[in-house]
Amino acid sequence: MSLNCGIVGLPNVGKSTLFNCLSNAKAQAANFPFCTIEPNVGVITVPDERLTALVEIDHPKRVVPATMEIVDIAGLVKGASKGEGLGNKFLANIRETDAIIHVLRCFDDANVTHVDGSVDPVRDKEIIDTELQLKDLETIENRMGRVEKQAQSGGDKTAKRLLAILQRYKEVLEQGRNARVVEWDSKDDQKLARELFLLTNKPVLYVCNVDDASAKDGNAYVEAVRQAIASENAQLLVVAAKTESEIAEFETYEERQMFLQELGLEESGVNRLIKASYALLDLQTYFTTGPDESRAWTFVKGTKAPQAAGIIHTDFEKGFIRAEVIKYADYIKYRSEAACKEAGKLAVEGKEYVVEDGDILHFRFNV
């Protein structure tokens, strides 16, 4: 899959530190603004306990987990929508991503400079929101000029519909709200809205970067952010980036787990962030498994069987005949395809079958 998440935030909030933990890439993490200028791209493994369980059953020669892309985008500053602080370049990088991971500084540290002189994650969020909203308003106003003429000329129903969408978005953005708060009942309206590619319409995950002591329960800064986004269609995650960088230094899984237990955490923040980002992109996983290979395949929620087969190879989609489907829970219970078939737990599905998260699939095709 080519979908990706872009990490954004003000300078020095922990974006590059978090990115390094996610991807093991070496984005420069220095204590001054604009350290990251070109976006760093990391292909990261999606942790999935289900794949581990399948490997324990089938003992395959090869294991291939699901992956996704994370892009570390340089820190935005006030005035980015007008080109301040290399703003145009940064905004263009955001436009190319499918979802946004918005990192907010929720910790005090006199040794780490804040670009605005004090720690206030809600203010920081609003600074970036404003810059993205101003850019979206510019996009909408430019588009409205053309669409109004088409709508007024007579019979172009699509233009009239698009104009109504543009006017609604303009109204919301001028109120200082993000485009994602607008919900459309009609699928046609949803499609037209998506095609505008508005920055503030992208799905967003707010990541509150806290100190070690706040990694489990958060702090007052986190609560302030939680209240600030209550009316948004957005998610929130608490992560201690500095702690995550320490966890990454341990060589064995056992050492990492011991360290997490000492902090009172069941799972690392990085794992939770990867899973949340995967879900943010509306991605799910199906599996193929056997003695040769156990593999996780990424698909967009709602994908039908032929298109899911095409993810493996285009020939599978072109010559699709049927999909043989075993539910994950049944495979774990009966521990082989043959045993599932004997127990009546192997279903044969056609072209209209919508693949479900965790399905174990075997495609039949003819080319």
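Preceding this section is the structure that the text describes.
Every residue gets a number counted from 1 within its own chain, in the order that chain's sequence is written. Reporting in this predicted model follows two pLDDT cut-offs: at least 70 for local features of residues, and 80 or more for side-chain atom pairs to be given and counted; totals over whole chains, interfaces and linings ignore these cut-offs and use all residues. Excluded from the side-chain calculations are hydrogens and water; all other atoms, namely the structure's heavy atoms, are used.

A. Fine view of the packing of helix α1 (residues 15-23) against helix α8 (residues 241-249). In this description, a line fitted to the C-alpha atoms serves as the axis of each element, helices being fitted only across the stretch in contact, and the angle between N-to-C directions of two axes falls anywhere from 0 to 180 degrees. Starting at the N terminus, helices and strands are each numbered in turn, a helix being any DSSP run of H or I of at least four residues and a strand any DSSP run of E of at least two. One way to put it is that α1 packs onto α8 with a least axis distance of 9 Å and a crossing angle of 30°. Between α1 and α8, the crossing angle belongs to the class labelled roughly parallel. As α1 runs across α8, the sense of the crossing is left-handed. Taking contact as the criterion, the partners of Thr-17, Leu-18 and Cys-21 in α1 are, on α8, Ala-241, Glu-244 and Ser-245. Taken together, the residues of the contact of α1 with α8 break down into 3 nonpolar, 2 polar and 1 charged. Roughly parallel here means an angle under 35 degrees, roughly antiparallel means over 145, roughly perpendicular means 65 to 115, and every remaining angle is called oblique. Each crossing gets its handedness from the near helix: less than a right angle anticlockwise from the far helix is left-handed, clockwise is right-handed. It only takes one pair of heavy atoms within 4.5 Å for two residues to be counted as in contact. The classification used treats Ala, Val, Leu, Ile, Met, Phe, Trp, Tyr, Cys and Pro as nonpolar, Asp, Glu, Lys and Arg as charged, and all other residues, Gly among them, as polar.

B. Here's a closer look at the sheet that holds strand β4 (residues 67-72). Two strands qualify as a pair provided DSSP detects at least 2 bridges between them. With mixed pairing, 6 strands are arranged side by side in an open sheet as β2-β4-β1-β5-β6-β7. Two strands bound the open sheet, and with one partner strand each, they are β2 (40-45) and β7 (235-239). Strand-to-strand twist across the sheet, computed as the mean angle between neighbouring axes with direction ignored, equals 25°. In this sheet, strand β6 (residues 204-209) lies alongside strand β5 (residues 99-105) in parallel orientation, the contact comprising 6 bridges. Bridge assignment links Val-103 to a residue of β6, and that residue is Val-207.

C. Region of the structure containing helix α5 (residues 157-174). A helix is expected to span 1.5 Å multiplied by its residue count minus one. Here α5 is 18 residues long and its end C-alpha atoms lie 26 Å apart, about the 26 Å a rise of 1.5 Å per residue gives. When accessible area is computed with a 1.4 Å probe and restricted to protein chains, residues below 20% of their type maximum are described as buried, those above 50% as exposed, and intermediate ones as partly exposed. Inspection of α5 places Ala-159, Leu-162, Leu-163, Ile-165, Leu-166, Tyr-169, Val-172 and Leu-173 among the buried residues, and these make up the whole buried set. Residues of α5 that are buried make contact with α4 (121-152) and α6 (187-194). Within two residues after α5, Gly-176 carries a phi angle of roughly 80°, on the positive side.

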